There are 2 protein chains.
Amino acid sequence: MSPRKPASQELTQEMIVEEARKQFIEKDFHQVSMRSIAKELGCSHGAIYYHFKNKAELFYVIIEGYFAELNHFLDETVNGTDDNQTKLYHVFLGFMEFGLNHQSQYEYMFMLRSNEVDGLSQEAANLSYEKFAQSVQSLSDDQLLISDIYSAFMALHGFVAHYRGYVVSFDEAKEAAHLHAEFIVKALK
Amino acid sequence: MSPRKPASQELTQEMIVEEARKQFIEKDFHQVSMRSIAKELGCSHGAIYYHFKNKAELFYVIIEGYFAELNHFLDETVNGTDDNQTKLYHVFLGFMEFGLNHQSQYEYMFMLRSNEVDGLSQEAANLSYEKFAQSVQSLSDDQLLISDIYSAFMALHGFVAHYRGYVVSFDEAKEAAHLHAEFIVKALK
DNA sequence: ACTGTTAATTAACCACCGGTCAGTATAAGG
DNA sequence: CCTTATACTGACCGGTGGTTAATTAACAGT
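These numbers come from a predicted model, not from an experiment.

1. Concerning the packing of aromatic side chains
If you walk through the whole model with that rule in mind, you get 40 aromatic pairs over all chains. Taking the centre distance of 4.7 Å and the plane angle of 45° together, the rings of F159(A) and Y163(A) count as tilted. You can see F159(A) and its partner Y163(A) sitting in helix α8 (residues 146-163), four residues apart, about one turn around the helix. For F159(A), a relative accessible area of 0% gives the class buried. The exposure class assigned to Y163(A) is buried, which follows from its relative accessible area of 7%. Between Y163(A) and Y150(B), the ring centres sit 6.2 Å apart and the planes meet at 65°, which makes this aromatic pair edge-to-face. Here Y163(A), found in helix α8, pairs with Y150(B), found in helix α8 (residues 146-163), and the two come from separate chains. One aromatic cluster in this structure is built from F67(A), F92(A), F95(A), Y106(A), F110(A), Y129(A), F132(A), Y150(A), F153(A), F159(B), Y163(B) and Y166(B).

Okay, here's the thing in structure tokens:
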């Protein structure tokens, strides 16, 4: 009968995000429920709604970090010391690696649609794509067609979408990923 | 107060499948509920469970037809009168067209994973892919790498997965589809 | 110390979902 | 006329996301 807990054990946004992030690594978006988070935190699920408007808002905070990670990887790769050809190859492989090593997150970032996902996430996805496009163009010797870059992106997306769930981590699809990257490189030339 | 309706309006599997199919065209798998089907049929949702073991079994009956449609399209295209190059192009375009004109169904067929979908559907998807692979190989002048055919499939899959939900029908992505098909053809040569 | 205010939380509620099951009215068969 | 298999209902289970009135801990002012 204590509708408010003492300050020492008050719920913070960070605690909630942390727990959600933790569960989000092992289950997908739909399997992580506000109730499962609350249960693990030892509070009622309603309490979370005091700190976050809804499930989408909570998960956007988490997914922001993953968009940042992906964008950061692109930047790092482009600014690396390898030759452009190698870098391009790394961008493709890295994208697939990211997708298959963060499957639940990738699904949320690039596969779920407007009815289940926050609009901010959609925007972030567009931005991330643009970064990808710029990276690919900057690593190419010739001027590429926008449509070809787009096609390359969708080809990578298809790879992740296909192996997702069928494979536990990128490692299991590593060889296929190399071949797929070569396939895309071939198409771009 | 009539727990049993007169024989004239008895519920049949076909009636259920028909209603489910109808709703499945406008909503996706998760949005079509056993209850929404029952409501439209004027029966209790429990009644459906007399005719079908569960939701997956009901929806597999529907999805079977769509797999057949896709397979039939591949056969027809391969056995057509055009030259191989044109046919191959048609196969790619047709796959994308199918995916974007039957988005909910495509999602069920090729995107949902084992926890939500019947095992039979997975098998059908594999079979459909094999048919695709054989078609592509048979339409190619040179011997293709298995991995390249796989890559082509994933590239197409990525196209559909990407435009799904963002576009209402194939028409809106027609030009992009042509360009994407060309992209894939380029990679195969 | 007393008071008022605000922030945080609970618990009960809503409307859904897939799925189960005991019970029952009906149609058909003996 | 009685029995039995069938076809169905409706209540129920445990789950989901989301809302809200009531309650109280913590804090600021006097």
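2. Some points on the relation of the copies chain A and chain B
Mapping chain A onto chain B is achieved by rotating through 180° and translating by 0.0 Å along the same axis, at an RMSD of 0.1 Å. A rotation of that kind, with that shift, is consistent with a two-fold axis. A high fraction, 100%, of the interface residues of chain A reappear at the interface in chain B, so the copies pair face to face through one surface.

3. Description of helix α5 (residues 84-101) of chain B
All names here are of chain B. With 18 residues, α5 ought to run about 26 Å at 1.5 Å a step, and its terminal C-alpha atoms sit 25 Å apart, in line with that. Regarding α5, the residues found buried are K87, L88, Y89, V91, F92, L93, G94, F95, M96, F98, G99 and L100. Looking at the packing, one finds that the buried side of α5 touches α4 (55-78), α6 (103-111), α7 (119-138), α8 and α9 (174-188).

4. Some points on the interface of chain A and chain B
Chain A puts 29 residues into the contact, and the matching count from chain B is 29 residues. Carbon and sulfur atoms make up 56% of the surface buried where chain A meets chain B, a total of about 2,500 Å² over both sides. A salt bridge links K186(B) to D148(A); its shortest N-O distance comes to 2.7 Å. Linking chain A to chain B there are 16 residue pairs in polar contact (both at pLDDT 80 or more). Mapped onto the side of chain A that touches chain B, the elements with two or more residues apiece are α8 and α9 (174-188) of chain A. Here the side of chain A that touches chain B gets 14 residues from one element, more than from any other, and that element is α8(A). A per-class count over the side of chain A that touches chain B returns 15 nonpolar, nine polar and five charged.

5. Section: the UniProt feature "DNA-binding region" (unreviewed entry) in chain A
With numbering matched to this structure, UniProt assigns "DNA-binding region" (unreviewed entry) to residues 33-52 of chain A. As a span, residues 33-52 of chain A carries 75% helix and 0% strand, and end to end its C-alpha atoms are 14 Å apart.

6. Looking at the domain arrangement of chain A
Residues and elements named next belong to chain A. Domain boundaries assigned for chain A yield domain 1 (7-51) and domain 2 (57-188). Here the C-alpha centroids of domain 1 and domain 2 sit 29 Å apart. Taken together, the contacts link 14 residues of domain 1 with 12 residues of domain 2. When domain 1 packs against domain 2, the two sides together hide about 1,100 Å² of surface, and 74% of this comes from carbon and sulfur. Scanning the region where domain 1 abuts domain 2 turns up three residue pairs in polar contact (both at pLDDT 80 or more). Those elements that place two or more of their residues in the side of domain 1 that touches domain 2 are α1 (13-26) and α2 (34-41). Of the residues forming the side of domain 1 that touches domain 2, the biggest block, six residues, is contributed by α1.

7. Looking at the packing of α5(B) against α7(B)
Packed helices, taken two at a time, are described by their axes: the angle between them and the distance between them. All names here are of chain B. At their nearest, the axes of α5 and α7 sit 9 Å apart, and the two run at 155° to each other. Viewed along their axes, α5 and α7 adopt a mutual orientation that is roughly antiparallel. Taken as a pair, α5 and α7 cross one another with a handedness that is left-handed. Contact residues: N84, L88, V91 and F92 in α5; F132, V136 and S138 in α7. Among the residues forming the contact of α5 with α7, the class breakdown is five nonpolar, two polar and no charged.

Definitions and cut-offs
Residues numbered from 1 in each chain as written. Chains lettered and ligands numbered in written order. Predicted model: local features only at pLDDT ≥ 70, side-chain atom pairs only at ≥ 80, totals over all residues. Heavy atoms only, no water. Phe/Tyr/Trp six-rings, centres within 6.5 Å; stacked < 30°, edge-to-face > 60°. Helix = DSSP H or I, 4+ residues; strand = E, 2+ residues; numbered from the N terminus. Buried < 20%, exposed > 50% of the residue type's maximum accessible area, 1.4 Å probe, protein only. Least-squares fit on C-alpha atoms with pLDDT ≥ 70 in both. Contact = heavy atoms within 4.5 Å. Expected span 1.5 Å × (residues − 1). Buried area = accessible area lost by both parts, 1.4 Å probe. Salt bridge = Lys/Arg side-chain N within 4 Å of Asp/Glu carboxyl O. Polar contact = N/O pair within 3.5 Å; in protein donor to acceptor, adjacent residues only side chain to side chain. Nonpolar A, V, L, I, M, F, W, Y, C, P; charged D, E, K, R; others polar. UniProt positions renumbered as here; feature names shortened; annotations may be inferred. Domains from an automatic or database assignment. Axes fitted to C-alpha atoms, helices over the stretch in contact; angles between N-to-C directions. Parallel < 35°, antiparallel > 145°, perpendicular 65-115°, else oblique. Left-handed = near helix turned anticlockwise from the far one by under 90°.

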